[in-house]
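Coordinates in review
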Amino acid sequence: MAEETSSPDSGLSLDEVRHMAALARIGMTDADLEKFRTELSSILAHFDVLARIDTTDVEPTANGADLLNVTAPDRARPSLSDSDVFANAPAQEGSLFRVKAVLE
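**Quick look at the pattern of salt bridges**
- One pass over the full model with this rule turns up three salt bridges.
- Note that Arg18 and Asp15 form a salt bridge whose closest N and O atoms lie 2.4 Å from each other. You can see Arg18 and its partner Asp15 sitting in helix H1 (residues 14-23), three residues apart, about one turn around the helix.
- The class of Arg18 is partly exposed, set by a relative accessible area of 27%.
- Note that Glu93 and Arg98 form a salt bridge whose closest N and O atoms lie 3.3 Å from each other.
- Residue Glu93 is classed as partly exposed on the basis of its relative accessible area, which comes to 45%.

**Topic: the packing of aromatic side chains**
- Going through the model one piece at a time under the given rule, you end up with one aromatic pair.
- An angle of 50° between the planes, with centres 4.8 Å apart, marks the rings of Phe86 and Phe97 as tilted. Here Phe86 is found in the loop between helix H3 (82-85) and strand S1 (92-93), whereas its partner Phe97 is found in strand S2 (residues 96-97), with eleven residues between them in sequence.

**Describing the packing of H1 against helix H2 (residues 30-51)**
- Between H1 and H2, the least distance of the axes is 9 Å, while the angle of their chain directions is 100°. One way to sum up the angle between H1 and H2 is to call them roughly perpendicular. Of H2, the residues touching H1 (which contributes Leu14, Val17, Arg18 and Met20) are Leu33, Glu34, Phe36, Arg37 and Leu40.
- A class-by-class count of the residues in the contact of H1 with H2 yields six nonpolar, no polar and three charged.

**Observations concerning a nonpolar patch on the surface**
- Residues Ile43, Leu44, Phe47, Leu50 and Ile53 make up a contiguous nonpolar surface patch of roughly 490 Å² in combined accessible area.
- Assignment of secondary structure puts Leu50 in helix H2.

**A short note on H2**
- Compared with an ideal rise of 1.5 Å per residue, which puts 22 residues at 32 Å, H2 spans 31 Å between its outermost C-alpha atoms and is within 8% of the ideal.
- Among the residues of H2, those classed as buried are Leu33, Arg37 and Ser41. Looking down the long axis of H2, one finds its buried residues gathered within 65° of arc, a one-sided arrangement. When the buried face of H2 is taken as reference, the exposed residues oriented beyond 90 degrees from it are Ala31, His46 and Leu50.
- Contacts from the buried residues of H2 go to H1.

**Some points on the confidence of the model for the protein chain**
- When pLDDT is averaged across the protein chain, the result is 86; 89% of the residues are at 70 or more.
- Across residues 1-8, confidence stays below pLDDT 50; counting only partners more than four residues off in sequence or on other chains, it has eleven contacts.

Cut-offs used in this document
- Residues numbered from 1 in each chain as written.
- Predicted model: local features only at pLDDT ≥ 70, side-chain atom pairs only at ≥ 80, totals over all residues.
- Heavy atoms only, no water.
- Salt bridge = Lys/Arg side-chain N within 4 Å of Asp/Glu carboxyl O.
- Helix = DSSP H or I, 4+ residues; strand = E, 2+ residues; numbered from the N terminus.
- Buried < 20%, exposed > 50% of the residue type's maximum accessible area, 1.4 Å probe, protein only.
- Phe/Tyr/Trp six-rings, centres within 6.5 Å; stacked < 30°, edge-to-face > 60°.
- Axes fitted to C-alpha atoms, helices over the stretch in contact; angles between N-to-C directions.
- Parallel < 35°, antiparallel > 145°, perpendicular 65-115°, else oblique.
- Contact = heavy atoms within 4.5 Å.
- Nonpolar A, V, L, I, M, F, W, Y, C, P; charged D, E, K, R; others polar.
- Patch = residues over 30% accessible without salt bridge, like charges linked within 9 Å, V, L, I, M, F, W, Y side chains within 5 Å.
- Areas by Shrake-Rupley, 256 points an atom, 1.4 Å probe, with all protein chains shown as cover.
- Expected span 1.5 Å × (residues − 1).
- Arc of directions from axis to C-beta.
- pLDDT = per-residue confidence, 0-100.

Next up, the structure:
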């Protein structure tokens, strides 16, 4: 299979989309590859437009709106009983939740 190249004007190559699909473990037909090559190239073109915007006088920010975290004050209150805590647990071992091993 010949290596396909892409120029900045043409967007992604089929080989690049095929590589991304392999990394994501997604099986794709040739029609899927072409469809997503077009769609992903279009998305990347939008980022190219954003990258050309002059932001030298724009102050860095983590959020574009002046939002504040709204939190409720901590108040002491009674805890749930063990029977309430474990009511929907699939398994219990003493005062602990019993779960299947994740890693062996």
